[in-house]
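Geometric and topological summary
Here is what each chain is made of, one letter per residue.
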Amino acid sequence: MKSDDLAEVRRTLWKAADELRANSTLTPADYRSPVLGLIFLAYAEHRFEAVRADVEAGATARNPVSPDNYRARSVLFVPDEARLSGLVDLPEGENLGAAVDAAMKAVEAANPELRDVLPRGYQRLERSTLTELLRLFSPLPRTLSGDAFGLIYEDFLSNFAMAEGRLGGEFFTPYSIVRLIVEIIEPYHGKVYDPACGSGGMFVQCAKFVERHAGSATQELSVYGQEQKEVTVPLAKMNLALHGLSGDIRLANSYYESLHDAVGRFDFVMANPPFNVNGVDKDKLAGDPRFPFGLPRTDNGNYLWIQQFYAALNDAGRAGFVMANSAGDAGHSEKEIRRKLVESGAVDVMVAIGTNFFYTVTLPVTLWLLDKGKAGTDREDTVLFIDARHTYRQIDRAHRDFLPEQIELLANVVRLYRGEDVTTVDGSIALLKERFPDGTYADVPGFCKVATRAEIEAQGWSLNPGRYTGTAAADADDEDFTEKLESLYEEFTRLSNEADTLRAKVDAAITGVLSE
């Protein structure tokens, strides 16, 4: 199928599915799992049918076909009762929801690696809605390629996240942000870890990076994840399976649990953790090697995450993660932890991202890129700061992303800084020549700056890109009005959340006293 035709199919599928949801009693959150489950079932049937003739041709009376024959080809076995083509043709009197639930159960039974992964509850959907969904998805196994299913799954994850707003951001990180992180950390080969893995998008983009460089993701990458939300773990496992990946994704609270024995183990760490979380019981973390620079005294989880990412890397490992802007300038005990992190030499690149890239918050964020492997190089005592707040494509009034050439430009700035060859397959050559006419790295006022450790110390160990590139030096206190307003609003949001938590505790205490 041509790319233009596939793009139209992707748009049409979401529009049709969303219209069905709008005409039902379901919220986007209620609708998400059933729809994604049907996409997964369509993909499984497609892969099954693609190898079925060959598998059956090799069967004999003594050695009939079994699920193991399909598993040997990295294909899921799909029983007859789980085929979408059969489900869509069930008689009017059949309980369609029960039949789809039974189909999911049958696929899990035939493929133990999917145990407790596929969604249930199709009987809660109105029959008319479920019938139309089956009609929408049942032709796909015969009309699409395997790669198309992964793209459709990503589309639906993204659109559901946008529809669900703040809650959607808990399981989905926008594609262009993940793609930028991947292009900078360059995960060609090794073990990849995400302790806040959501729906697994970081792993999928790592796999695509390997494939763009003519490698096999299944041979080159091993993926490991932890996710705190029980309902999100299946989304990640289905996402990996749709992209031909296997991984070890576990349900865990990463503040307190390290089920993969993460310290010093991984080549790459990627994450988009929740920002400014309060209420973490730091008494449980005393002596934990995942926090080598000490525990912050403030009731904020940002520097617990940052240290986890650092500690999980091996001696040559790279990390890329999203973090609240406030972490780059946080004071007191957090500043001391940041100083130790900078002095370790592992901080490699900091990228300021503008507003409206995320579904959880409209505020800007910062990408932190660590590289333990730069010890002993000429980059050991320097950090590259990039201010990308004015680099974006406006999708609609409330959402932005990066164009492919913009992602490539930002990644190429890092490549020039590292002395690597640039990449221009996505059309960044004109943007590169505009900023780096000599084809070598040079500081560009307002855009990028390489700062020494001494310069960072002089700025109070700040890792705010604007302080170095020149865009945040308008006032005596080195903050322009916009940044100050953003920081104050972020602090206001954090305090408001804390007040809500405290109010709930007080209400519970008062209710308890009055009921005695």
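Only a predicted model underlies this, so the values are computations on that prediction, with no experimental measurement involved.

Per the secondary structure count, the protein includes 19 helices and 11 strands. A total of 516 residues make up the protein; the buried ones form 52% of that total. Carbon and sulfur atoms make up 50% of the accessible area of the protein, which amounts to about 23,200 Å² in all.

In this section: helix H13 (residues 302-312). Counting buried positions along H13 yields 11 of 11 residues, so the element is predominantly enclosed. Listed as buried for H13 are Asn-302, Tyr-303, Leu-304, Trp-305, Ile-306, Gln-307, Gln-308, Phe-309, Tyr-310, Ala-311 and Ala-312. Along its buried surface, H13 packs onto strand S1 (190-194), strand S4 (266-271), strand S5 (313-324), helix H14 (333-343) and strand S7 (365-371).

What follows is about the sheet that holds S4. One open sheet holds the nine strands; their spatial order is S3-S2-S1-S4-S5-S7-S6-S8-S11, and the pairing between them is mixed. The open sheet is flanked by strand S3 (247-251) and strand S11 (448-452), the only strands paired with a single partner. Across the sheet, the axes of successive neighbouring strands diverge by a mean angle of 15°, strand direction being ignored. In the packing of H13 onto the sheet, contacts are made with S1, S4, S5 and S7, and the angle to S5 comes to roughly 155°.

On to the packing of helix H2 (residues 28-57) against helix H5 (residues 96-110), then. Where H2 contacts H5, the axes come no closer than 12 Å and their chain directions differ by 55°. One finds that H2 runs oblique with respect to H5. Crossing handedness for the pair H2 and H5: left-handed. Between H2 and H5, the contacting residues are Gly-37, Leu-38 and Leu-41 on the first element and Val-100, Ala-103, Met-104 and Val-107 on the second.

A separate point is helix H9 (residues 175-185). Of all 11 residues in H9, 10 are buried, a share of seventy percent or more. Taken residue by residue, H9 has Ser-176, Ile-177, Val-178, Arg-179, Leu-180, Ile-181, Val-182, Glu-183, Ile-184 and Ile-185 as its buried positions. The positive-phi residue at the C-terminal boundary of H9 is Glu-186, with phi of around 55°.

Evaluation of the coordinates by the stated rule reveals 22 aromatic pairs. Both rings, one in Trp-14 and one in Phe-160, keep their centres 5.1 Å apart while their planes meet at 90°; by these two values the pair is edge-to-face. Highlighted residues: Trp-14 in helix H1 (residues 3-22) and Phe-160 in helix H8 (residues 146-164), separated in sequence by 146 residues. The exposure class of Trp-14 is buried, given its relative accessible area of 15%. Here the aromatic rings of Phe-48 and Tyr-70 are separated by 4.6 Å at their centres, their planes lie at 25°, and the arrangement is stacked. With a gap of 22 residues between them, Phe-48 in helix H2 and Tyr-70 in helix H3 (residues 67-71) connect regions that are remote in the sequence. Within the aromatic cluster, the residues linked to one another by ring pairs are Tyr-255, Tyr-256, Tyr-303, Trp-305, Phe-309, Phe-321 and Trp-368.

It is worth spelling out the side chain of Glu-408 at this point. Among the structural elements, Glu-408 can be located in helix H15 (residues 404-418). Arg-415 provides the closest opposite charge to the buried, unpaired Glu-408, separated from it by 6.0 Å. Within the structure, the side chain of Glu-408 is placed 2.9 Å from the backbone nitrogen of Asp-426, a separation counted as a polar contact. Every residue in contact with Glu-408, bar those within four places of it in the chain, is listed here: Arg-415, Thr-423, Thr-424, Val-425, Asp-426, Gly-427 and Ser-428.

Working note: regular strand, side chains alternate between the two faces of the sheet. The element S5 is largely enclosed, with a buried count of 10 among its 12 residues. Strand direction decides the pairing type here: S4 and S5, joined by five bridges, are parallel. Residue pairing in the sheet places Phe-266 in a bridge with Leu-313 of S5.

This next bit is on the pattern of salt bridges. This model, assessed by the stated rule, comprises 33 salt bridges. A salt bridge links Arg-135 to Glu-132, with the nearest nitrogen and oxygen atoms 2.8 Å apart. Within this pair, Arg-135 and its partner Glu-132 are both found in helix H6 (residues 127-137), separated by three residues, close to a single helical turn. One salt bridge in this structure joins Asp-329 and Arg-467, with 3.1 Å as the shortest N-O distance. Of this pair, Asp-329 sits in the loop between S5 and H14 while Arg-467 sits in helix H18 (residues 465-469), and the two are 138 residues apart along the sequence. By sharing partners, the salt bridges in this structure join Arg-179, Glu-183, Glu-186, Arg-212, Arg-318, Asp-348, Asp-371, Arg-379, Arg-415, Arg-418 and Asp-426 into a single network.

As a further point, take the pairing of S7. With seven of its seven residues buried, S7 lies for the most part within the structure. The side-chain alternation of S7 yields two buried faces, one formed by Val-365, Leu-367, Leu-369 and Asp-371 and the other by Thr-366, Trp-368 and Leu-370. By the bridge criterion, seven bridges tie S5 to S7 in an arrangement that is antiparallel. Residue pairing for S7: Met-323 is matched across the bridge by Thr-366.

A separate point is the confidence of the model for the protein. For the protein, the average pLDDT comes to 87, and 89% of its residues sit at 70 or higher. The low-confidence segment residues 472-480 (pLDDT under 50) makes 17 contacts with residues lying over four places distant or belonging to another chain.

Turning our eyes to something else, we now look at the nonpolar core. Residues Leu-36, Leu-38, Leu-133, Phe-137 and Phe-156 are the most contacted members of the largest nonpolar core, which totals 56 residues. With 13 residues, the single largest contributor to this core is H2. Aside from chain neighbours lying at most four places away, what touches Phe-156 is Leu-13, Trp-14, Ala-17, Val-35, Leu-36, Ile-39 and Phe-137. Counting 53 residues, the second-largest nonpolar core is a separate cluster that includes Ala-207, Phe-268, Met-270 and Leu-432.

Conventions adopted
Residues numbered from 1 in each chain as written. Predicted model: local features only at pLDDT ≥ 70, side-chain atom pairs only at ≥ 80, totals over all residues. Heavy atoms only, no water. Helix = DSSP H or I, 4+ residues; strand = E, 2+ residues; numbered from the N terminus. Buried < 20%, exposed > 50% of the residue type's maximum accessible area, 1.4 Å probe, protein only. Areas by Shrake-Rupley, 256 points an atom, 1.4 Å probe, with all protein chains shown as cover. Contact = heavy atoms within 4.5 Å. Pairing = 2+ DSSP bridges. Axes fitted to C-alpha atoms, helices over the stretch in contact; angles between N-to-C directions. Parallel < 35°, antiparallel > 145°, perpendicular 65-115°, else oblique. Left-handed = near helix turned anticlockwise from the far one by under 90°. Phe/Tyr/Trp six-rings, centres within 6.5 Å; stacked < 30°, edge-to-face > 60°. Lys, Arg positive; Asp, Glu negative; His and termini not counted. Salt bridge = Lys/Arg side-chain N within 4 Å of Asp/Glu carboxyl O. Polar contact = N/O pair within 3.5 Å; in protein donor to acceptor, adjacent residues only side chain to side chain. pLDDT = per-residue confidence, 0-100. Core = buried A, V, L, I, M, F, W, Y, C linked by side-chain atoms within 4.5 Å.

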